Protein chains: 2
Amino acid sequence: MTTSATNTDQINTEQLRELAAQLRVDSIRSSTSAGSGHPTSSLSAADLLAVLMSRHLRYDWDEPENPANDHLIFSKGHASPLIYSVFKAAGQITEEELVEGYRRFGSRLQGHPTPVLPWVDVATGSLGQGLPDGVGVALAGKYLDKLPYRVWVVCGDSELAEGSIWEAVDKASYYDLDNLVAIVDVNRLGQRGATELGWDVDAYARRFEAFGARVITIDGHDLDAIDAALTDAENPDGRPTVILARTVKGKGVPQVEDSPDWHGKPLPSDIADAAIESLGGVRNDVVTGPRPGVTTPSPAPLATTVELPSYEPGQEMATRKAYGAALTAVGRADPKVVALDAEVSNSTGTGDFVKAIPERYFEMFISEAQLIGSATGLSVRGYKPFVSTFAAFLTRAFDFIRMGAISQADLRIAGSHAGVEIGADGPSQMALEDLAMMRAVEGSTVLYPSDATSTVALVARMAATDGISYLRTTRGGYPVLYDSDETFQIGGSKVLRSGEQDQVTLVGAGVTVHQAIAAADRLAEQGIGATVIDAYSVKPIDAGTLERAVRRTNGRLVIAEDHHPQGGLGEAVLSGLATFGIRDLDVAHLAVRGIPGSGTSAELLGWAGIDADGIAKAAKRLIG
Amino acid sequence: MTTSATNTDQINTEQLRELAAQLRVDSIRSSTSAGSGHPTSSLSAADLLAVLMSRHLRYDWDEPENPANDHLIFSKGHASPLIYSVFKAAGQITEEELVEGYRRFGSRLQGHPTPVLPWVDVATGSLGQGLPDGVGVALAGKYLDKLPYRVWVVCGDSELAEGSIWEAVDKASYYDLDNLVAIVDVNRLGQRGATELGWDVDAYARRFEAFGARVITIDGHDLDAIDAALTDAENPDGRPTVILARTVKGKGVPQVEDSPDWHGKPLPSDIADAAIESLGGVRNDVVTGPRPGVTTPSPAPLATTVELPSYEPGQEMATRKAYGAALTAVGRADPKVVALDAEVSNSTGTGDFVKAIPERYFEMFISEAQLIGSATGLSVRGYKPFVSTFAAFLTRAFDFIRMGAISQADLRIAGSHAGVEIGADGPSQMALEDLAMMRAVEGSTVLYPSDATSTVALVARMAATDGISYLRTTRGGYPVLYDSDETFQIGGSKVLRSGEQDQVTLVGAGVTVHQAIAAADRLAEQGIGATVIDAYSVKPIDAGTLERAVRRTNGRLVIAEDHHPQGGLGEAVLSGLATFGIRDLDVAHLAVRGIPGSGTSAELLGWAGIDADGIAKAAKRLIG
């Protein structure tokens, strides 16, 4: 039976039951065929999805890019058999692809959903992320797109233990995201046993209500109750809605219902076959749910030519401040640019944007995971989020950044207060691992400008760069090194000092460029020529320029970075040189070793051995 | 005036007022003298600390290691002027050290407190961590030490936006930690402006109550109310207690009271001097608060000789399973060993420990930040926590691991399901950045065993290693390579194949060791000798063995890792070689580039080019 219902009246309860059964059957078939997957986690939510997709999800399946579409995010990404069964029931994937492709090499139907599929906004599978991402999409809907689409996020109960869920609900409440609906599949069982709260939906309800959500609790297998709840959810009262659906894990297959022993296990063929038969057998019905409203798109404001700030060589300016000025300029020119920060905008430079373009700024307060989740969601809607906080605190959000790469999100991240350079605040505020973290992110771009001019140029480059890009900024002010008409490339570097007789190459980035210049001056006074390279593009690194310089200085190389020795500038340089083959290399890798304390910038840079003195000494030791 | 009160009756309200004024005066003096710091954040909590330290904190200041001591954690670590003023009022630091040392280079009074000070349990300053750490200490107190000490955590209101706070309250409630008291300084102002909820203490109360805490709300400047609340907090009702204290930021200095413009700003000298005078001037009183009860320590059960599991060469065994067996053996032998996991113990191997020694296992559910926070707190009490989850999900807790290093915590972390090897679950579950993350942690040890025997040996090594150590385990089973009497050193490696005529060196770790062995066999069939090295100690790496092998194979080196190219095994090897100077190196660095999908282990290892085929091809290309 094929229905072509285009409004909610036309799919009746009997048809809903059929659809739910089909979703169950397909969840079983796909995972059993694959020999892996999470059927019981899918079975518990089948009734919810049957009602949602057929009566409430306003989605044009043939036009996934339609801006008026609702959004469906499976925060419980391991229930991928179910979401793919939904795609099949929507007529978008074939029976063959679902059953023969699921979890197979080369298939777009991966173990957890990713945006290789056009109907998937964000990759999920690391729990507690789908709802934060959904907050980002909802922010776009309510404040930027100003379109009435709804964001439906299907969550598990086990993932409610993740703090990021509560960051999401808190922000959803603060921002009055009544276009956001979380549907929680409360099946009481996690991976290794019962969840903390089991079926105590009232306990969950109190939490969600306390965090500002409107809560509706239902029997998650009562189709009428589900429908009524989703209908209520579509009547906004200013608050985000959370539907707590009491469900049974494995529902529909009595042998595994409510059992703690079946998480993440495909049903063996015999059990699967019997279950499918008992569910009414294989079906390949296609259901059409409601369509989104027709929108007359407002003419999108066009980007205009950006007027970047410029600085005079010699002028002292902190790169974090240049970031703020550049961000504001880029934001004025491009209406897609959005900024977010986590309670430190008056330190990161983003405060300029907050003042200049408040309607495109979203304060996240002290919630770095939600900071990235919001940006990921905004990116789904084609916005260009620039996020900032102290670089050290970005480590709070590493899992979100990691998943952002899998989500193919375009995130521009600025981490300020890099290294021991920050001084008196001490190690808790010092980023000494961030270059390693951001270099290891798939497809990332990692930039670390030494002065205000290069900062501005690189921010403009980031605005035009897809994927995840990272800019590391410095607390203190340092002299502008470059004229405002200098160009900077992703993958480039600048040779600041160079002579045919140079005996050593000094490589730095950010604050250590200034140290290297001073060291070169000192060495020059002693008749020693030193090449100085500003490796502002840490990834991709300008291996060619480095290789030529090091070859000319007979393999003598000093690398200085305000970062731990692992995974940062030093190892980036070594990896770059290694691509050419290394014939001769004597390298001194100066980095921060040990736990710093408080002090002035100069004292700490000296303590770490990465100041001009340390660099000059290391150079002379190499020269012998 | 010096009091030597040893019970709560002896310090009266007038003396409390004096003490509070002294704490205010000293908070101002220290930060003004340093020219940096957060006086207004300190001023708001001065009354709270005055009452706490003099009437409720049962602490033997001369014996910080007394196991009966209460614990005081400043989750709002930026209020360091206040905590150091408390130490002065307790007679532990001098006026000179406070005023002349605060935030200065070399001083133990750093910008944010760290355990360089004997009365500081954990480093704070990255917000939202002190309470999770406190949960760990409270777990120790209630379930392991079985001592009645109390854990007092002073929080800010702004940091309640961090999801990790709610992970902490949730676990505190789940574990009935009625020995844990959070005192929240609700001064309504964050760094750049008002917090989300301002002074709406009722809103906070509803949240904490919903999460299972007992809530007491007070005027945070009413000394009697504070005292009554702390007295109530000492009467447990089975729940953790949260005291919500409505306060005024900058209280005591009218010019800056409740102003959003003074966060993180020291008072200029003129304002400071006037304020100090108005507060009654400089005082150097010493107050003695209540002492802990006398405990007759139960004789600590002694560690016994560990009986490690052993495996037969050739037997197929997953290293994650060997981890579980080894952990259990180590746990049986050492009563200080404790295990924690985040809802995946039946996957990580820790499930063995759960069954064998349930009284020393703490389930954290899906809360990786709290997983590390709990371990950090347990480490404070001298326990040896081993924590586990999927390696990919450890990225959720990077900021906690980073702070754990600054806290000088001893954490043993096992991350399972490394790399593309996991197969069908796909990229969200694959750890491809974890070696970079863990290598970049200060002082860490990073281990990646290839077989069950080495896993067991390295787990035993970890048990004896301080600081933060990390073990990366693999999902699939692979042949045991080593006899059970082989020894493995941190900083060591194993040369598995070696011949004088070898033309290339192959380096792997974990799963790629098996691939490298197969590649070497294939090359041998073609008359090409290949040295094979198992670099199971990624940090510190066995640079000496690597250097000798590479020199002998004329600089030809293939490194294969199931990890992104940045920051992992490959760069560890390059850094290691660089310490010797490099004369000749042609390296093929095989790693995971691009975003993987689903598939079998073999298909994905092949796709990544890190299987035997890829290694052999790369070797031949080098040989030319």
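No experiment lies behind these values; they were computed from the predicted model shown. (Residues numbered from 1 in each chain as written. Chains lettered and ligands numbered in written order. Predicted model: local features only at pLDDT ≥ 70, side-chain atom pairs only at ≥ 80, totals over all residues. Heavy atoms only, no water.)

## Overview of the overall build of chain A
Broken down by element type, chain A carries 22 helices and 19 strands. Its C-alpha atoms give chain A a radius of gyration of 28 Å, near enough to 25 Å, the size a compact globule of 624 residues would have. With respect to the principal axes defined by its C-alpha atoms, chain A has extents near 90 × 50 × 40 Å. Counting across all 624 residues of chain A, residues that qualify as buried make up 70%. If you take every contact in chain A between residues at least 6 apart in sequence, the share linking residues at least 24 apart comes to 78%. Accessible area of chain A: about 18,700 Å², with a carbon and sulfur share of 47%. In chain A, the 54 positive side-chain charges and the 80 negative ones have mean positions that sit 2 Å from each other. (Helix = DSSP H or I, 4+ residues; strand = E, 2+ residues; numbered from the N terminus. Rg over C-alpha atoms; globule rule 2.2 N^0.38 Å. Buried < 20%, exposed > 50% of the residue type's maximum accessible area, 1.4 Å probe, protein only. Contact = heavy atoms within 4.5 Å. Areas by Shrake-Rupley, 256 points an atom, 1.4 Å probe, with all protein chains shown as cover. Lys, Arg positive; Asp, Glu negative; His and termini not counted. Charge placed at Lys NZ, Arg CZ, Asp CG, Glu CD.)

## Notes on the packing of aromatic side chains
Per the counting criterion, the structure on display carries 36 aromatic pairs over all chains. Summarising the aromatic geometry, the rings of Tyr 482 of chain A and Phe 488 of chain A are spaced 5.0 Å apart at their centres and angled 75° between planes, so their arrangement reads as edge-to-face. A ring pair is formed by Tyr 174 of chain B and Tyr 175 of chain B, whose centres lie 5.0 Å apart and whose planes are at 85°; its orientation type is edge-to-face. For Tyr 174 of chain B, a relative accessible area of 37% corresponds to the partly exposed category. Above the face of the Tyr 383 of chain A ring, Lys 336 of chain A is positioned so that its terminal group lies 4.5 Å from the ring centre. Here the guanidinium or amino end of Arg 188 of chain B rests over the ring plane of Trp 199 of chain B, the centre of that ring lying 5.4 Å away. (Phe/Tyr/Trp six-rings, centres within 6.5 Å; stacked < 30°, edge-to-face > 60°. Lys NZ or Arg CZ within 6 Å of the ring centre and 35° of its normal.)

## Description of the nonpolar core
Ranked by size, the top nonpolar core spans 244 residues in total, and within it Phe 208 and Leu 506 of chain A together with Phe 208 and Leu 506 of chain B carry the most contacts. Those residues in contact with Phe 208 of chain A that sit more than four places away from it in its chain are Leu 160, Trp 166, Val 169, Val 184, Ala 213, Val 215, Val 242 and Leu 244 of chain A. (Core = buried A, V, L, I, M, F, W, Y, C linked by side-chain atoms within 4.5 Å.)

## Brief notes about the UniProt feature "domain: Transketolase-like pyrimidine-binding" (unreviewed entry) in chain A
Within the UniProt annotation, "domain: Transketolase-like pyrimidine-binding" (unreviewed entry) is assigned to residues 317-480 of chain A. For the annotated span residues 317-480 of chain A, helix accounts for 40% and strand for 21% of the residues, and the straight-line distance between the end C-alpha atoms is 7 Å. (UniProt positions renumbered as here; feature names shortened; annotations may be inferred.)

## A short note on the sheet that holds strand β15 (residues 504-508) of chain B
Residues and elements named next belong to chain B. Pairing within the open sheet is mixed, and its five strands lie in the order β14-β16-β15-β18-β19. Edge positions in the open sheet fall to β14 (494-497) and β19 (586-590), since each of these has one partner strand only. The sheet shows a mean angle of 20° between the axes of neighbouring strands, direction not considered. Relative to strand β18 (residues 556-560), β15 runs parallel, the two being bridged by three bridges. Bridge pairing in β18 links Val 507 to Ile 559. Packed on one face of the sheet, helix α20 (residues 569-578) meets β15, β18 and β19 and runs near 145° to β18. (Pairing = 2+ DSSP bridges. Axes fitted to C-alpha atoms, helices over the stretch in contact; angles between N-to-C directions.)

## Things to note about the sheet that holds strand β2 (residues 151-156) of chain B
All names here are of chain B. Strand order in the open sheet made by the five strands is β1-β2-β3-β5-β4, with parallel pairing throughout. Looking at the sheet topology across the chains shown, the edges are occupied by β1 (71-74) and β4 (214-219). On average, each strand axis in the sheet is inclined to that of its neighbour by 20°, with strand direction left out of account. Judged from the six bridges that link them, β4 and strand β5 (residues 241-246) form a sheet pairing that is parallel. Residue Ile 218 lies in a different strand from β5, and its bridge partner there is Ala 245. Packing of helix α6 (residues 130-144) onto the sheet brings it into contact with β1, β2 and β3 (180-186), and relative to β2 it is tilted by some 170°.

## Here we look at the relation of the copies chain B and chain A
For these two chains of identical sequence, chain B goes onto chain A by a turn of 180° and a shift of 0.0 Å along the axis, with RMSD 0.0 Å. Such a combination of rotation and displacement between the chain copies is what one expects of a two-fold axis. Same-surface contact between copies: 100% of interface residues of chain B are shared with the interface of chain A. (Least-squares fit on C-alpha atoms with pLDDT ≥ 70 in both.)

## Notes on the interface of chain B and chain A
At the junction of the two partners, chain B supplies 97 residues and chain A supplies 97 residues. Counting each side, the surface lost to burial between chain B and chain A is near 8,100 Å², with a carbon and sulfur contribution of 50%. Put simply, chain B and chain A have 20 salt bridges between them. Residues Asp 586 of chain B and Arg 583 of chain A are paired through a salt bridge, measuring 2.8 Å at the closest nitrogen-oxygen approach. Here chain B is connected to chain A by 60 residue pairs in polar contact (both at pLDDT 80 or more). (Buried area = accessible area lost by both parts, 1.4 Å probe. Salt bridge = Lys/Arg side-chain N within 4 Å of Asp/Glu carboxyl O. Polar contact = N/O pair within 3.5 Å; in protein donor to acceptor, adjacent residues only side chain to side chain.)

## Concerning the packing of helix α7 (residues 163-174) of chain A against helix α14 (residues 368-380) of chain A
Axes are the key here: two packed helices are described by the angle between their axes and the distance separating the axes. All names here are of chain A. Between α7 and α14, whose axes approach to 9 Å, the crossing angle comes to 65°. Considered as vectors, α7 and α14 are oriented roughly perpendicular to each other. Note on packing geometry: the crossing formed by α7 with α14 is right-handed. Between α7, through Ser 164, Glu 167, Ala 168 and Lys 171, and α14, the contact on the second element is made entirely by Glu 368, Ala 369 and Gln 370. (Parallel < 35°, antiparallel > 145°, perpendicular 65-115°, else oblique. Left-handed = near helix turned anticlockwise from the far one by under 90°.)

## A closer look at α6 of chain B
Residues spaced three or four apart along an α-helix point in a common direction, a consequence of the helix completing one turn every 3.6 residues. All names here are of chain B. Across its 15 residues, α6 extends 20 Å between first and last C-alpha, which sits within 8% of the 21 Å expected from 1.5 Å per residue. Most of α6 sits inside the fold, with 13 of its 15 residues counted as buried. Just past α6, the residue Lys 146 takes up positive phi, approximately 55°. (Expected span 1.5 Å × (residues − 1).)

## Things to note about the pattern of salt bridges
Using the criterion set out here, one finds 71 salt bridges over all chains in the structure. Note that Lys 617 of chain A is salt-bridged to Asp 613 of chain A, the shortest N-O span being 2.9 Å. One end of the pair is Lys 617 of chain A and the other is Asp 613 of chain A, both in helix α22 (residues 612-623) and four residues apart, which spans about a single turn. When its relative accessible area of 47% is taken as the criterion, Lys 617 of chain A is described as partly exposed. Linking Asp 185 of chain B and Lys 76 of chain B is a salt bridge whose minimum nitrogen-to-oxygen distance equals 2.7 Å. Residue Asp 185 of chain B is found in strand β3, and its partner Lys 76 of chain B is found in the loop between β1 and α4 (80-89); the two are separated by 109 residues along the sequence. Under the relative-accessibility criterion, Lys 76 of chain B is labelled buried at 2%. Salt bridges sharing common partners tie together Asp 26, Arg 29, Lys 88 and Glu 95 of chain A.

## Quick word on the side chain of Asp 70 of chain A
Residue and element names in this part refer to chain A. One can find Asp 70 in the loop between α3 (46-56) and β1 (71-74). Notably, Asp 70 is buried but unbridged: the nearest opposite-charge side chain belongs to Arg 150, and the N-O separation is 4.9 Å. Of the polar contacts made by the side chain of Asp 70, one reaches the backbone nitrogen of Arg 150; its length is 2.8 Å. When residues no more than four places from it in sequence are discounted, the contact partners of Asp 70 are His 56, Leu 57, Arg 58, Tyr 59, Tyr 149, Arg 150 and Trp 152.

## Some details on the environment of Pro 67 of chain B
Among the structural elements, Pro 67 of chain B can be located in the loop between α3 (46-56) and β1. Residues within four places of Pro 67 of chain B in sequence aside, it is in contact with Leu 147, Tyr 149 and Arg 381 of chain B.

## With respect to helix α18 (residues 511-525) of chain A
All names here are of chain A. The end-to-end C-alpha distance of α18 is 22 Å, a good match for the 21 Å that 15 residues give at a rise of 1.5 Å each. Every buried residue of α18 is listed here: Val 511, Thr 512, Val 513, His 514, Gln 515, Ala 516, Ile 517, Ala 519, Ala 520 and Leu 523. Of the residues trailing α18, Gly 527 is marked for its positive phi of about 75°.

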